[in-house]
Amino acid sequence: QVQLLESGGGLVQAGGSLRLSCAASGSRISINAMGWYRQAPGKQRDLVAAITSGGTTNYVDPVKGRFTISRDNAKNTAFLQMSSLKPEDTAVYYCFADGTLDLGLGPSGFRTWGQGTQVTVSS
């Protein structure tokens, strides 16, 4: 049982900033990668940014230089600082966590999703 609590979305004008947070909770879990996907109406869900437990980051090209992902491994929490926001960043942002859990019968891999948070950037 792994749950993600996601927060930080909202309405902001173009050029503004928002900070998303995603906290993973559960027993017997080990988190490897955390990050966010986003999905706009009529479009597929695309990876925005991800970070591993070792600090390796990955960003989709349109957000490079504007978004920064970080994490606090001790708290199993990731953060996405979004700056210089553009209207095309408008989407529902879904955080995810990849890792393993141990229920006593051997470890099992998982991907867990947050509930999603709406980010709207007005022009």
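See above for the structure.
Calculation rules
Residues numbered from 1 in each chain as written. Predicted model: local features only at pLDDT ≥ 70, side-chain atom pairs only at ≥ 80, totals over all residues. Heavy atoms only, no water. Buried < 20%, exposed > 50% of the residue type's maximum accessible area, 1.4 Å probe, protein only. Helix = DSSP H or I, 4+ residues; strand = E, 2+ residues; numbered from the N terminus. Pairing = 2+ DSSP bridges. Phe/Tyr/Trp six-rings, centres within 6.5 Å; stacked < 30°, edge-to-face > 60°. Lys NZ or Arg CZ within 6 Å of the ring centre and 35° of its normal. Salt bridge = Lys/Arg side-chain N within 4 Å of Asp/Glu carboxyl O. Disulfide = S-S within 2.5 Å.

Asks: Can you break down the pairing of strand E8 (residues 77-82) residue by residue, with the values?
Replies: Burial of E8 is extensive: 5 of the 6 residues sit out of reach of the surface. Pairing of strand E7 (residues 67-72) with E8 involves 6 bridges; the strand directions are antiparallel. Opposite serine 70, over in E8, you have phenylalanine 79 as the bridge partner.

Asks: I'd love a proper account of the packing of aromatic side chains, names of residues and values included.
Replies: Counting across every chain of the model gives 3 aromatic pairs. For the ring pair tyrosine 37 and phenylalanine 96, a centre distance of 5.4 Å and an interplane angle of 70 degrees mean the geometry is edge-to-face. Here tyrosine 37 is found in strand E4 (residues 29-39), whereas its partner phenylalanine 96 is found in strand E9 (residues 91-102), with 59 residues between them in sequence. Note on tyrosine 37 and tryptophan 113: the rings are 5.3 Å apart at their centroids and 65 degrees apart in plane angle, and the pair reads as edge-to-face. Separated by 76 residues along the polypeptide, tyrosine 37 in strand E4 and tryptophan 113 in strand E10 (residues 107-113) bring together distant segments of the chain. In this structure tyrosine 37 comes out as buried when scored by relative accessible area, which is 17%. Each member of the aromatic cluster is reached from another via a ring pair, and the members are Tyr37, Phe96 and Trp113. Positioned above the aromatic ring of tyrosine 94, the side-chain terminus of arginine 45 is 3.9 Å from the ring centre. In this arrangement the basic side chain of arginine 45 is found over the ring face of tryptophan 113, its NZ or CZ atom lying 5.0 Å from the centre.

Asks: Outline the pattern of salt bridges, listing residues and values.
Replies: Here the idea is simple: oppositely charged side chains can pair when their charged atoms come close. A complete count under the given rule lists 4 salt bridges for this structure. Where lysine 64 meets aspartate 61, a salt bridge forms, and the shortest distance between an N and an O atom there is 3.0 Å. We note a salt bridge from aspartate 89 to arginine 66, for which the minimum N-O separation is 2.8 Å. Of this pair, aspartate 89 sits in the loop between E8 and E9 while arginine 66 sits in the loop between strand E6 (57-59) and E7, placing them 23 residues apart in sequence.

Asks: Give me the lowdown on the state of the cysteines, citing residues and values where you can.
Replies: By the definition in use, this model includes 1 disulfide. Bridging cysteine 22 to cysteine 95, the disulfide has an S-S length of 2.2 Å. Between cysteine 22 and cysteine 95 the disulfide shows an S-S torsion of about 55 degrees. By sign, it is right-handed. You can see cysteine 22 sitting in strand E3 (residues 18-25) and its partner cysteine 95 sitting in strand E9, a full 73 residues away along the chain. On the accessibility criterion, cysteine 22 (1% relative accessible area) is buried.

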